[in-house]
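Analysis of the macromolecular model
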Amino acid sequence: MLNRHKPLSLLISAILVCIQLLAPRITLAQEGRNLTAAQVNQGIGRGVDYLLKVQNQNSGGWDEYAAENCGASALITLALLNSGVPPTHPAIAKALNYLRGIQANRTYSVALQTMVFCAANPNEDMLRIKQNVQWLIQAQRPNGMWGYELTNLSSDPSNTQFALLALSDAQKLGVPVPPRTYELSLRYWLQAQGRDGAWSYNDNMFTGSMTAAGITSVVITVGQLGQPHASIKNNRIDCCGKTNITNDPIEGALNWLAKNFKVFANPGGQWQLYYLYGLERVGRLTGQRFIGEHDWYREGAAQLLGQQDRLEGFFTSTSGFEASLHINTALALLFLSKGKRQVVISRLDYGPAEDWNLHRYAIPNLTGHIEQAWKRDLSWQTIEIEKSRLEDLLESPVLFISGSEEIRFTAEQKRMLKQYVDNGGFIFAEACNGDGCNGAAFDRSYRALIEELFEQPLQKLPPTHPIWFAEASIDPQSLPEEFWLFGLDHCCRTSIVYSPIPLSCRWELNPPIKMQREIAPSVQSELDNATKVGINVAAYATGRQLKEKLDSVQVVRPDSEATQILRGHIAIPKIQHGGGSNDAPRAIPNLLQWFRKEQPADVATKPVLINAKLEELEKYPVVFMHGRASFSFTEEERTALRTYLERGGFLFADAICANTAFAESFRKEMALIAPNNPLQPLPATHPLLTEEFTGFDIRQVSLIDPMKRGTGGVVAQKQESIPELEFITWEDRVAVVFSPLDLSCALESQQSLQCKGYTRDDAAKIGINIILYAMLQ
């Protein structure tokens, strides 16, 4: 909001525009439930193309706004950078040279210029960043606010918000900002907040845009000041020594936004796109997927795409106050691009916040450290289990559960947590126990819960477990004496990790920004090690492979809901043997559920295990086997399999987690069963890899290489390639297809950093193609 003063004619025009657009915009927002990541990315691409087209090719900037000498150009450059245009792009290079040639002299311009320099090439522009930070520090008014200019005594919350955004970005790079700057600003925001939780533009007219500015500014100032629940006393960590904040200003403001939520207009005011840019910050900085009952990003993105010109790519506003198409487009792109950042972890809200969210800054801090380690922008969320479905839980790859009191879930919530893990989710939990906390009740109840759900207890993770070196190498012996990680293996990997002491307390005390404080080296080492554990768990659980925010979640249901075998239903049994024949029990049921969603066919998803006897084999046109250890068939079993294949049967197999012992045994057994029909590589031109049999084109799939430990930790490499399949022909038909790389673990849960194989979606596509080819060849 660069200038709030506009003539009355524009105000009347804005009212008319809002009246005309009210009904259709509500419809667009409601249609957001069907919005896809591809549609958003396409909209972002069109917006980027428009902004590049209207750039001044001589100066490298864009038409500036009012008295701001570089504000519009900086805003647009920031939007392009966040939309994926790299600093090396010729248009960005021109824009950066343009901005470097201007001495910004107003708060909006100085702040936006600083944010651009921080986002593009901070090392190259560090001197200008520091100069701008000093300008902003000097420009702050005694009341904690900022105005348009350095010398003008007037001030407003919009300028104040942008100054804080710039100072925060600079401090993340190590540029010092006096705590007093944040203290003064926080005092202003707390005093200016209305009784109902909202903020206004100095006129008691509470609006969505200023409430978003207030929430953002409180989050920034409190975060930069470092006001955690935990503390360090006499070089000892105290995790439960402070009383939680009462009358949380952010909670009150979020409640106001929920009651007044809109995306087609700024609640209580004008400047719709400026408001949406602020709304994105609120959702991202507070970890909210929903504001009230509203999926703010999905609804806002659908609204914006409805306001985009499909031919030119620019965005219009429902507010007549926002007439600049290039500024409108920049604000829309900032919402769309920053709001769709991938979620790496979510904390579970399962009861009173005094317990599950004891260390409220822990997950934001950990996410910041993961961003620095992975060199990419990420987000985190809070999930309320009472309001969530399984699909909501699966939006997050890692679910963090913390507490000190006895943990209590309903039967339905327990079932959902079990299904979350069955579907590839990862639970990371801790007891707030020790270091001043009494979490013995949580520890007992959580261990009992896991044993109830998974029928096995948590086990101490060995020092050789990849958790200890997935991202940063940690010597477990260097950790506190009472500390260790426990885990549970499920779905081909460790799917649950538990800490009996509070890691979140240490994350809260270790922000990713540079802070001016004195901490004993031994304490800082303990904080850093706890942070490394958190980063390693995220790397192990995800392999750095995260879903796009709007991508649909594929859910498979438990065995209790499995379809029984009925006449006419497709059933695929598994052959029993001594090499781990049922080590991934849900792989085939999950694959058949996928098959049912993709193909108009009845399938039986109930698991079936059979012996390699002819009377059992010949009941099924397709049989399956997998394993993760060496094995051998008896001569009688080999004869049965040979007869089954001669009579038209089809064998589909894979090595669980790319186990070489199983693969070698399988090849040996096939050589004995079919000595005149050797296994051979499936060529890239084979029709099994195409859509010829109503399946998928899988000539290019994503292959995940296993973890390899090196000086930089462990890296999962992802590459595109043809599937590595082997096959046997029998009388001019394919009778056996074998994958020496993992399919089963990916089908059972998610790809594992410990397995060489395919992503879950590609594993399903490969499996579906093999089944279709077996039935239709």
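Every value quoted in this text rests on a predicted model; they were computed, and no experiment measured them. (Residues numbered from 1 in each chain as written. Predicted model: local features only at pLDDT ≥ 70, side-chain atom pairs only at ≥ 80, totals over all residues. Heavy atoms only, no water.)

1. Observations regarding the overall build of the chain
Worth spelling out the cut-off: Starting at the N terminus, helices and strands are each numbered in turn, a helix being any DSSP run of H or I of at least four residues and a strand any DSSP run of E of at least two. Each radius of gyration reported is based on C-alpha atoms, and the globular scaling rule is 2.2 Å times the count of residues to the power 0.38. Any two residues whose heavy atoms approach within 4.5 Å are treated as being in contact. Only the protein chains shown count as covering a residue, and every accessible area follows the Shrake-Rupley method with a 1.4 Å probe. Charge counting treats Lys and Arg as positive and Asp and Glu as negative, with His and both chain ends excluded. For the purpose of locating charges, the reference atoms are NZ of Lys, CZ of Arg, CG of Asp and CD of Glu.
Scanning the chain for helices and strands turns up 26 helices and 23 strands. Relative to the 2.2 N^0.38 estimate, which gives 28 Å for 777 residues, the radius of gyration of the chain is 29 Å and therefore close to what a compact globule would have. By sequence separation, contacts in the chain at least 24 residues apart represent 74% of the contacts at least 6 residues apart. Total accessible area computed for the chain in this model is approximately 31,100 Å², and 49% of it derives from carbon and sulfur atoms. Side-chain charges of the chain comprise 73 positive and 82 negative groups, with the mean position of each set lying 4 Å from the other.

2. Looking at the sheet that holds strand 20 (residues 718-721)
This is how the line gets drawn: We treat two strands as partners when DSSP finds at least two bridges between them.
Pairing within the open sheet is antiparallel, and its three strands lie in the order 20-17-23. At either end of the open sheet lies a strand with only one pairing partner, and these are strand 20 and strand 23 (757-758).

3. Some points on the state of the cysteines
Definition in use: When two cysteine sulfur atoms lie within 2.5 Å, the pair is treated as a disulfide. A simple rule labels every residue: compare its accessible area, found with a 1.4 Å probe on the protein chains alone, to the largest value its type can have, and call it buried under 20%, exposed over 50%, or partly exposed in between.
One pass over the full model with this rule turns up three disulfides. A disulfide bridge connects C240 with C437, and the sulfur atoms are separated by 1.8 Å. Taking the sign of the S-S torsion, 95° for the link of C240 and C437, the bridge is right-handed. Within this pair, whereas C240 is found in the loop between strand 2 (236-238) and helix 10 (249-259), its partner C437 is found in the loop between strand 8 (426-431) and helix 18 (440-454), the two being separated by 197 residues in sequence. Exposure remark for C437: the relative accessible area of 9% places this residue in the buried category. Paired through a disulfide, C657 and C755 show a sulfur-sulfur distance of 1.8 Å. Negative torsions about the S-S bond denote left-handed disulfides, and the value of about -100° found for C657 with C755 makes this one left-handed. Taken together, the residues C657 in the loop between strand 15 (650-655) and helix 24 (660-673) and C755 in the loop between helix 25 (744-748) and strand 23 connect sequence positions 98 residues apart. Of the two residues, C657 and C755, both sit in the buried class. In this structure C70 is not part of a disulfide, and its nearest cysteine sulfur, from C118, lies 14 Å away. Of all cysteine sulfurs, the one in C437 lies closest to C432, which takes part in no disulfide; the gap is 5.3 Å. Judged by relative accessible area, C432 falls into the buried class, the value being 0%.

4. Quick notes on the sheet that holds strand 7 (residues 398-403)
The strands making up a sheet are joined through hydrogen bonds of the backbone, oriented either antiparallel or parallel. In spatial order, the strands read 6-5-7-8-11-10-9; together these seven strands make up an open sheet with mixed pairing. Lying at the two open borders of the sheet, with one neighbouring strand each, are strand 6 (379-384) and strand 9 (459-460). Sheet analysis places strand 9 next to strand 10 (residues 486-490), joined by two bridges and oriented antiparallel. Looking at the pairing, Q459 lines up with G487 of strand 10.

5. Observations concerning the packing of helix 21 (residues 587-598) against helix 26 (residues 760-776)
Packed helices, taken two at a time, are described by the angle their axes make and the gap between the axes. Heads up, the rule is: All axes are obtained by fitting lines to C-alpha atoms, using only the stretch in contact for helices, and the reported angles, taken between N-to-C directions, cover 0 to 180 degrees. In what follows, roughly perpendicular refers to angles from 65 to 115 degrees, roughly parallel to angles under 35, roughly antiparallel to angles over 145, and oblique to any angle outside these ranges. By the convention adopted, Pro, Cys, Tyr, Trp, Phe, Met, Ile, Leu, Val and Ala count as nonpolar, Lys, Arg, Asp and Glu as charged, and the other residues, Gly among them, as polar.
Direction vectors running N to C along helix 21 and helix 26 enclose 75°, while the axes themselves pass 10 Å from each other. By the criterion of interaxial angle, the relationship of helix 21 to helix 26 is roughly perpendicular. Contact residues: helix 21 offers N590, L591, L592, W594, F595 and E598, while helix 26 offers R760, D761, A764, G767, I768, I771, L772 and M775. Broken down by class, the residue content of the contact of helix 21 with helix 26 amounts to nine nonpolar, two polar and three charged.

6. Structural notes on unusual backbone geometry
Glycine aside, a negative phi is what most residues show, and trans is what most peptide bonds show. For D435, which is not glycine, the phi dihedral falls at a positive 55°. Of note, D435 is situated in the loop between strand 8 and helix 18. With a relative accessible area of 24%, D435 lands in the partly exposed category. Phi at E731 is positive, roughly 55°, even though this residue is not glycine. Here E731 lies in the loop between strand 21 (726-729) and strand 22 (734-739). Given the relative accessible area of 67%, E731 is considered exposed.

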